[in-house]
Amino acid sequence: MPIKQMGEQKIWQRREPLKQYAIWAGWMLGGMLFVFCWALISQNTIWEFLYDADEQAASLIGRMIPPDWSITGSLMMPLWDTINIATVGTALGIAIAFPLAFLAARNTSPHPALRAIALTVIVSSRSINALIWAMLLVTIVGPGIFAGMLAIALRSIGFIGKLLYEAIEEIHPTPVEAVTATGATKSQVLAYAVWPQIMPAFAGISVYRWDINIREATTLGLVGAGGIGLQMNAAINNLAWAQVATVFVLIFATVIVSEWVSARVRHAMI
Amino acid sequence: MSIPQVPFEQRLADLRQGRWRPLPLISRRWLRISLNLGVLCYLLAAWLSVDVNWDRVAQGMDRGLDFVASFLTPDFVTRSGEIFVGLQESLTMTFTSTVIGVLLAIPVGLGAARNIAPRPVYFLCRGIIALSRTFQEIIIAILFVAMFGFGPLAGVVTLAFATIGFMAKLLAEDIEDTQREPLEAIRATGAGWLQWINYAVQPQVMPRLIGLSLYRLDINFRESAVIGIVGAGGIGATLNTSINRYDYDTSAAILLLIILIVLLSEYFSGYVRKWTQ
């Protein structure tokens, strides 16, 4: 710890002066970058639109209240579709991510080249939002629930794969050695030494992803991939904000319920 | 959790005869079977409600193969101007919204920590977090575009709003996990509230706060690629246009750039996190 001499007094300081200057310079640079970025955004913003933003907001909220409850019945089927998209999509994602995670984990991967490929697939899947996957899939398989399910699955692969391979890399090596020492084959080692150690993590990750997928599935309809998002999109395009509000309330309720379910399941399993 | 129904001696005897089975996860037999049946029925019902038009899929397959092939021939050049502007807008939106969001999330996070906030503040801040976390960024973007008009400002506000919920929730959990001794020690010196937060809480949560901010930067960049679809600025609009035009070479180029930036940011944030801890 450096001590600064000021006349008679010694003053304790937390950092070396050079490091302190480096930190200040870092903050300065960050601040300048922020100002620069803000200037760019400000240039691209039509500020005239903002003069009446508060009126716009007030009128928007005014038109949303009260929600139009008469369409609730017709929203039940899309809601069921949304839940299906999330659940089946998650199941598909798990089915693909599970073997991928074993290929990607350092300690279970059969070959470094396979590991590199698996890691690339995982990163690519994670970098691209479900909505973009949906946009692509709608042009390929046509609009509807099927595209939504595939989009959710493709997005989930990266998330589940990453968390799962990290869990696999963190297992204790001792059980693996013990099972190997009994003369077990590779698949038996996986089944009796690796799998029991990652089972709780696997269950937790899957349920967590399902919870996220419920949220994501609510918006897939915006690009034509089925579910309640389709109704939301139609209502927005008609400027029927009272109906939009009903959809919002339903989404809110669904997300809360799914969060509760996932918390319960994770609690029971871990 | 599970009480083995088969007694231990029985299991030992089974083991000696080579008939041992691992304990099932759910020990109650009827519950296990009915749960499995229920899941099967649900999956069947869900699958039946999917109406796959295989003719359409077959037609689209060509386009799908085109798209996959276009990853081998990405076209960065033809629309390089639009891609550059879109990426620049996305990146500036990402940075500004993360800074604003984190700054706003800190007071909300402090308020949402059970161990330092009074009850009414706690419930208010938890409410803000729940509201911000329930809706997808894209839904919030639709509302803000309706209020603020098209352009990157709506995107910045959207991402900042989403950042508040994410950061405040994790920060609050982190504050709740802090060690109590430093908190008591600083309080015992007669420190004021701000000094207490600054000298007892802040040093304990700072490394994780930096790590989470970088993680959120990453998320915001990925989200900024999406909210452009509804008119909130950024690379999403360019991507949307190129996909709608079946201009897959450009789409592939944009997607490759997004993946590259996410990879770079992941590498960079890992480095910074190592440095701060």
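Small disclaimer: the values here were computed from a predicted structure and weren't measured.

Draft legend 1. Seen up close, the UniProt feature "transmembrane region" (unreviewed entry) in chain B. All names here are of chain B. Those places that UniProt annotates as "transmembrane region" (unreviewed entry) correspond, in this numbering, to residues 30–50, 95–117, 138–164 and 252–272. Taken end to end, residues 30–50 is 90% helix and 0% strand, and its first and last C-alpha atoms sit 30 Å apart. Span residues 138–164 is 89% helix and 0% strand, its end C-alpha atoms 16 Å apart.

Draft legend 2. Examining the environment of Ala-167 of chain A more closely. Residue and element names in this part refer to chain A. Structurally, Ala-167 can be placed in helix H6 (residues 145–169). Taking relative accessible area as the criterion, Ala-167 reaches 17% and is therefore assigned buried. Along the sequence, Ala-167 and Met-232 sit 65 residues apart, while their C-alpha atoms lie 38 Å from each other. Once residues lying within four places of it in the same chain are set aside, the contact partners of Ala-167 are Ile-198 and Ala-201.

Draft legend 3. Quick peek at the domain arrangement of chain A. Domain annotation of chain A identifies domain 1 (3–45) and domain 2 (72–269). When each unit is reduced to the centre of its C-alpha atoms, the spacing between domain 1 of chain A and domain 2 of chain A is 42 Å.

Draft legend 4. Representation of a nonpolar patch on the surface in the model. A cluster of nonpolar side chains, Leu-18, Tyr-21 and Trp-24 of chain A, forms an exposed patch at the surface whose accessible area comes to about 420 Å². Position of Tyr-21 of chain A relative to the elements: it lies in helix H1 (residues 17–43).

Draft legend 5. Molecular detail of the side chain of Asn-84 of chain A. Mapped onto the secondary structure, Asn-84 of chain A falls in helix H3 (residues 72–104). Excluding residues within four positions of it along the chain, Asn-84 of chain A makes contact with Gly-89 and Met-149 of chain A together with Tyr-42, Ala-46 and Ser-49 of chain B.

Draft legend 6. Quick peek at unusual backbone geometry. Residue and element names in this part refer to chain A. Cis geometry marks the peptide bond from Ile-65 to Pro-66, where omega comes out at 0 degrees. Relative to the helices and strands, Pro-66 resides in the loop between helix H2 (53–64) and H3. Despite not being glycine, Leu-239 has its phi angle at roughly 55 degrees, a positive value. Considering the arrangement of structural elements, one finds Leu-239 in the loop between helix H9 (228–237) and helix H10 (241–269).

Reading guide: rules and limits
Along each chain, numbering runs from 1 in the same order as the chain's sequence is written. By the order in which they are written, chains take letters starting at A while ligands take numbers starting at 1. With pLDDT at 70 or above as the cut-off, local features in this predicted model cover only qualifying residues; side-chain atom pairs require 80 or more to be listed or tallied, and sums for whole chains, interfaces and linings still use all residues. Side-chain descriptors were evaluated using all non-hydrogen atoms of the structure, hydrogens and water having been removed beforehand. UniProt positions are given in the numbering used here, feature names are shortened, and annotations may be inferred rather than shown by experiment. Only DSSP runs of H or I covering at least 4 residues are called helices, and only runs of E covering at least 2 are called strands; the numbering of each starts at the N terminus. Partly exposed describes any residue whose relative accessible area lies between the buried limit of under 20% and the exposed limit of over 50%, with all areas from a 1.4 Å probe on protein chains only and scaled to the type maximum. Two residues form a contact once any of their heavy atoms are found within 4.5 Å. The split into domains, and so the bounds of each, comes from an automatic or database assignment of domains. Exposure above 30% relative accessible area and the absence of a salt bridge qualify a residue for a patch, where like charges join within 9 Å and nonpolar side chains (Val, Leu, Ile, Met, Phe, Trp, Tyr) within 5 Å. Only the protein chains shown count as cover for residues, with accessible areas throughout obtained via the Shrake-Rupley method and a probe of 1.4 Å. What counts as a salt bridge is simple: a side-chain nitrogen of Lys or Arg found within 4 Å of a carboxyl oxygen of Asp or Glu.

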